[in-house]
Amino acid sequence: MLPSVSCTPSAGGDPPSSERQGEYSQAPKTALALPQDEGDGSDGSGSEDSGSDDGEALAPDGARALEKELAQRQRPPRSVVDELCGEATTDEGTALDFGDVTKLLLEMLDAADAPASAAAEGASGSESAQGESEAERALSSREQLLAAVRARLFDAQGEALIEVGPISPDRVNACFCALRLLCESEIGGHSQLVLVREAGKTKDKRPRVRLDVLIRLPPSELRHLNLRVAVIGNVDAGKSTLVGVLVGGSLDNGRGSARLRVLKHRHEAETGRTSSIAEDQHIGFDQEGRVVNSQHPAGAHALGGGGGGGTGGASLFGPPPAAEAIAAAGTPGGGMRAVNWQEVVSRSSKVVSFIDLAGHEKYLKTTMFGMTAHDPDYGMVVVGANHGVTRMTKEHLGVAIALHVPVLIVVTKVDLAPENILKETMQQLHRLLRVPGARKRPYQVRGMDDVVVASRAFRDGFVAPIFTISNVTGQDMDLLQTFINLMPARKRWAQRSDGAVEFLIDQFFNVPGIGTVVAGTLVSGVVTVGQTLQLGPDYTGAFKPVLIKSIHCMRTSCQKLLTGQSGAFLMRSLKRKEHVRSMGLRKGMVLLGESSEPRATWRFSCDVLVLHSSTTMRCNYQPVLHCRNVRQSARIVRMDREVLRTGTKASLDFEFLFRPEFIAVGSRLIFREGKTKGIGNITFLHPPDEPAAVPGRREAAAAAQRAAVAAAAASTAAAAP
């Protein structure tokens, strides 16, 4: 029996324990006989380990086995992609001293108890001096513990999932209360007890437990934890429906009611297939892990909530709304309290933004642009249990791995798939994730223990958690939502906030009566209203100054955009009679700081790896390149090999065919011809005045720029009254 913690926050209720993990599903789970890994003798779901020297009984869900594997593992295994990209994947900044939280916490408690016991016994003389030294040691441990917690919060941008243990069950209350008091008094953060779980037994058969404590700072104008999750997978796998259920908080009715919240165009709603990039779907969590979106009922909690079939509390995902209620409200899930986005953003300590991408093969270029230009933190690969792993599933997963984006797998429609079909789909996933190019550790999530352990190992991309859910019945949907709430920040944006401004433009549009608006992601620096930036490059490689008039982020107006956030700018040219559209505005352009000296590039060198090609590649081969927000055809003008085939590594030079682009050394690129052909890493940018390998290239670009200016002038004249 696991101990109960009396000092848990009142909003969170009793902490979920490993004994309650069976309460999290609305439908019975299917036992899957998954393939064994010949290397370590354990399957992807974490099989039972019967060979423990100290008599430690492992949980059947495999959480303990994965913890042991992570503890023995020094660093993530290097795949061919890691060897190719090298230092491009490492974060800048100095190392942080995280310390041993459990050791420091126990030392602080022991040292604090010593003076009190000495005073109670009436000690004097040398014993009194020893008590004073114990008090000093307690103060030192407290300072070290505070520094360790702050280091974790800084590393994860304002939240940290801290593990305390293994400890004795009778010290659970003291450890959690001391950690909670320290965080609230010194840091101002909120501590939430996520889970109390068994940690085996000592050699003398005494039980041990672990505490998982989530510490999260309150929302702030200067800091806002925002994670972007790209939703990818084959067509008809249920990607848009899954996003609609997570964001809306109500289940699908089996006929596509949930996806209507996500789809942008009428033809998408009619066909049920996404053809564009839907990036305005957000789910907000407050300090206590509560979902603050408008469609979620008041008091809904993402930590430890029980499933609809258990007794662990009310589920966020009740029965699907009736068609009459949807029609009466005008929107799916109508009838609930509507909260504007300003309130959602202001109340959220953490916001997870979903980027819903197309799954059909003919929209592959749109999906590739969404994966490269929107810079997602994580990828969510959605697989239909009744369809299995398809060619586009492999294509999308390969793109995520090539871009070093950690992925989680969500198997949907488990209520429709027969047991043998679901078993075959899971076996296909395990084989796919273990191929040499991926080297992922498949890990099926069945309970809260699995959620916590998988969230710890997810940041490095070594573990690929697998969820089996249903958008109609709600099976294991709360486990997926809890995992999303616990997902750690992957990029250290705070270290780039002092750098020069660099904003990647991935779309632009005209708002009637307002003007031209550009949207994208700020990857460096901070942008404020009234700031002057440089827009470019145009077709000739030039940059022109513009003034930022207003800023929007997550559908709300704000005065500044922070590093790592996605937003939209309303801007105007500094020249009175020059319109922004006459600057040749397009996707792939950037906004840079006024003091920067930008340089557009026609030709660059890179190291590439050919992933798959049925034919050989030679000089003058012309694939389509994707690099950050750039998408353009390019030509191979030099390479150190005579031909390129599947599996070949080479150093070569690419030259853009139509216009120069702003790219940076160290950026990853993907080149394709229909399907993905290879990946690479940019190593050198050639000077823009270097003689062109393609005759007449610059003249054609200048003519294109003049045509764009003339078209913009004609459009402006036609719109004038």
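The structure presented is a predicted model; accordingly, all values stated were derived computationally and were not measured.

The rules behind the values
- Residues numbered from 1 in each chain as written.
- Predicted model: local features only at pLDDT ≥ 70, side-chain atom pairs only at ≥ 80, totals over all residues.
- Heavy atoms only, no water.
- Helix = DSSP H or I, 4+ residues; strand = E, 2+ residues; numbered from the N terminus.
- Expected span 1.5 Å × (residues − 1).
- Buried < 20%, exposed > 50% of the residue type's maximum accessible area, 1.4 Å probe, protein only.
- Arc of directions from axis to C-beta.
- Contact = heavy atoms within 4.5 Å.
- Pairing = 2+ DSSP bridges.
- Axes fitted to C-alpha atoms, helices over the stretch in contact; angles between N-to-C directions.
- Parallel < 35°, antiparallel > 145°, perpendicular 65-115°, else oblique.
- Nonpolar A, V, L, I, M, F, W, Y, C, P; charged D, E, K, R; others polar.
- pLDDT = per-residue confidence, 0-100.

**Focus on helix α12 (residues 419-433)**
For α12, with 15 residues, the first-to-last C-alpha span of 21 Å sits near the 21 Å given by 1.5 Å per residue. Turning to α12, its buried residues number three or more, namely Leu 422, Thr 425, Met 426, Leu 429, His 430, Leu 432 and Leu 433. In an axial view of α12, the angular spread of the buried residues amounts to 165 degrees, which keeps them on one side of the axis. Exposed residues lying more than 90 degrees from the buried face of α12 are Asn 420 and Arg 431. Its buried side turned inward, α12 meets β7 (378-384), α11 (391-402), β8 (407-412), β9 (441-444) and β10 (463-468).

**Re the sheet that holds strand β3 (residues 207-216)**
With antiparallel pairing, three strands are arranged side by side in an open sheet as β1-β3-β2. Looking at strand neighbours, the two that pair on one side only are β1 (159-167) and β2 (190-201), the edges of this open sheet. Averaged over neighbouring strand pairs, the angle between their axes works out to 15 degrees when direction is ignored. One ladder, built from nine bridges, connects β2 with β3; its direction is antiparallel. Each bridged residue has a counterpart across the sheet, and for Glu 198 the counterpart in β3 is Val 209. Where helix α5 (residues 172-187) meets the sheet, it contacts β1, β2 and β3, and its direction lies at approximately 15 degrees from that of β3.

**Topic: the pairing of strand β15 (residues 544-553)**
Each regular strand displays side chains that alternate between the two surfaces of the sheet. The pairing of strand β14 (residues 532-536) with β15 spans four bridges and is antiparallel. Across the sheet, residue Gln 534 finds its bridge partner in β15, namely Pro 545. With six bridges connecting them, β15 and strand β18 (residues 566-573) associate as antiparallel partners. Its bridge partner lying in β18, Ser 550 is registered against Leu 570. Alignment of β15 against strand β16 (residues 556-558), held across three bridges, turns out to be antiparallel. If you follow Cys 553 over to β16, its bridge partner there is Thr 556. In textbook terms, the turn of a hairpin is the stretch between consecutive antiparallel strands, and for β15 and β16 this stretch comprises two residues, one of which, Met 554, has a positive phi near 55 degrees.

**Topic: the packing of helix α6 (residues 239-248) against helix α14 (residues 477-486)**
Running from N to C, α6 and α14 cross one another at 75 degrees; their axes reach a closest spacing of 11 Å. In this view, α6 runs roughly perpendicular relative to α14, as classed from their interaxial angle. Contacts between α6 and α14 involve Leu 242, Val 245 and Leu 246 on the former and, on the latter, Met 477, Leu 480, Gln 481 and Ile 484. Residues of the contact of α6 with α14, tallied by class, amount to six nonpolar, one polar and no charged.

**Description of the confidence of the model for the protein chain**
With 72% of its residues at a pLDDT of 70 or more, the protein chain shows a mean pLDDT of 78. Confidence drops under pLDDT 50 across residues 74-95; counting only partners more than four residues distant or on other chains, this segment forms 37 contacts. Within the model, pLDDT remains below 50 along residues 295-299, and this stretch shows 12 contacts once partners closer than five positions in the same chain are excluded.

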